[in-house]
Amino acid sequence: MISAEFFIRPDGELIGFSITGHNGVAGRDIVCASVSSAAYMTANTITEIMKADAQVAVEDGYMLVRISPQEVKNCRNILAGFKLHLQELEEQYPQNIRVSYTEV
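Remember, it's a predicted structure, so these values are computed and weren't measured experimentally.

## Some thoughts on helix α1 (residues 30–49)
Then, in step 1: In this model α1 runs 26 Å from its N-terminal to its C-terminal C-alpha over 20 residues, within 8% of the 28 Å that 1.5 Å per residue would give.
Then, in step 2: On its buried face, α1 sits against β1 (2–8), β2 (14–20), β3 (54–59), β4 (62–67), α2 (72–92) and β5 (97–103).
Then, in step 3: Once α1 finishes, K51 follows within two positions and takes phi at roughly 55 degrees, a positive value.

Following this line, the structure appears as structure tokens:
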């Protein structure tokens, strides 16, 4: 099971996410590949294209992206798009991915 947790400020702004877990056999699971690809695209867009100040940590089966407070508005749309993508995957594959939200 893949767990995706989005971090949300009290004002509703997304400030980051964490992804943990695996689903199925590495390289053979479409849900895991979809989540990984979208997560890397989001992290790379934030840090390499937008040059936003963000904390990023990646290990096997784990990714954390947390935006600095001054970058929240700049990163609003990319985080919202990623959240929507994962919500759609959760709707299609509820046995494979769980999306949750934590107020910070």
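## Some details on the nonpolar core
Buried together is how nonpolar side chains tend to be arranged in soluble globular proteins.
Then, in step 1: Counting 30 residues, the largest nonpolar core has F17, I19, V35, I46, F82, L86 and I97 as its most contacted members.
Then, in step 2: For this core, the secondary structure elements donating two or more residues are β1, β2, α1, β4, α2 and β5.
Then, in step 3: Excluding anything up to four places from it in sequence, F17 contacts E5, F6, F7, A39, T42, M63, L64, V65, L79 and F82.

## Topic: α2
Then, in step 1: Along its 21 residues, α2 runs 29 Å from first to last C-alpha, staying within 8% of the 30 Å computed at 1.5 Å per residue.
Then, in step 2: A maximum bend of about 30 degrees is found in α2 at I78.
Then, in step 3: Those residues of α2 that fall on the buried side of the exposure criterion are V72, C75, I78, L79, F82, L86 and L89.
Then, in step 4: Residues of α2 that are buried in the fold lie against β1, β2, α1, β4 and β5.

## Some remarks on the layout of surface pockets
A probe as big as a water molecule, rolled over the atoms, marks out the empty space that is left.
Then, in step 1: By volume, the largest pocket amounts to about 200 Å³.
Then, in step 2: I19, G21, S36, G61 and Y62 are the residues nearest the centre of the largest pocket, which is lined by 15 residues in total.
Then, in step 3: Of all the secondary structure elements, the ones that give two or more residues to the lining of the largest pocket are β2, α1, β3 and β4.
Then, in step 4: Across the lining of the largest pocket, the residue classes break down as nine nonpolar, five polar and one charged.

## Let's talk about unusual backbone geometry
Note: most peptide bonds trans; most residues except glycine with negative phi.
Then, in step 1: With a phi close to 55 degrees, K51 is a non-glycine residue in the positive phi region.
Then, in step 2: For K51, the position within the fold is in the loop between α1 and β3.

## Structural notes on the sheet that holds β2
Then, in step 1: Within the open sheet, the five strands sit side by side as β3-β4-β2-β1-β5. Their pairing is mixed. The sheet is open, and its two edges are formed by β3 and β5, each paired on a single side. Between one strand and the next, the sheet's axes are offset by a mean angle of 10 degrees, whatever the strand orientation.
Then, in step 2: For β1 and β2, the ladder comprises six bridges, and the chain directions are antiparallel. Residue pairing across strands places I8 opposite L14, the latter belonging to β2.
Then, in step 3: In the packing of α1 onto the sheet, contacts are made with β1, β2, β3, β4 and β5, and the angle to β4 comes to roughly 35 degrees.
Then, in step 4: Contacts between α2 and the sheet are confined to β1, β2, β4 and β5, with β2 contributing the most and set at about 40 degrees to the helix.

Scoring rules and cut-offs
Residues numbered from 1 in each chain as written. Predicted model: local features only at pLDDT ≥ 70, side-chain atom pairs only at ≥ 80, totals over all residues. Heavy atoms only, no water. Helix = DSSP H or I, 4+ residues; strand = E, 2+ residues; numbered from the N terminus. Expected span 1.5 Å × (residues − 1). Contact = heavy atoms within 4.5 Å. Core = buried A, V, L, I, M, F, W, Y, C linked by side-chain atoms within 4.5 Å. Buried < 20%, exposed > 50% of the residue type's maximum accessible area, 1.4 Å probe, protein only. Bend = angle between axes of the 7 residues up to and from the residue. 1 Å grid on protein atoms, 1.4 Å probe; cavity = no way out; pocket = protein on both sides within 12 Å on 5 of 7 lines; lining within 4 Å. Points joined across faces, edges and corners; volume = space filled by probe spheres on them. Nonpolar A, V, L, I, M, F, W, Y, C, P; charged D, E, K, R; others polar. Pairing = 2+ DSSP bridges. Axes fitted to C-alpha atoms, helices over the stretch in contact; angles between N-to-C directions.

Note that all results are geometric; they support no functional claim without further evidence.
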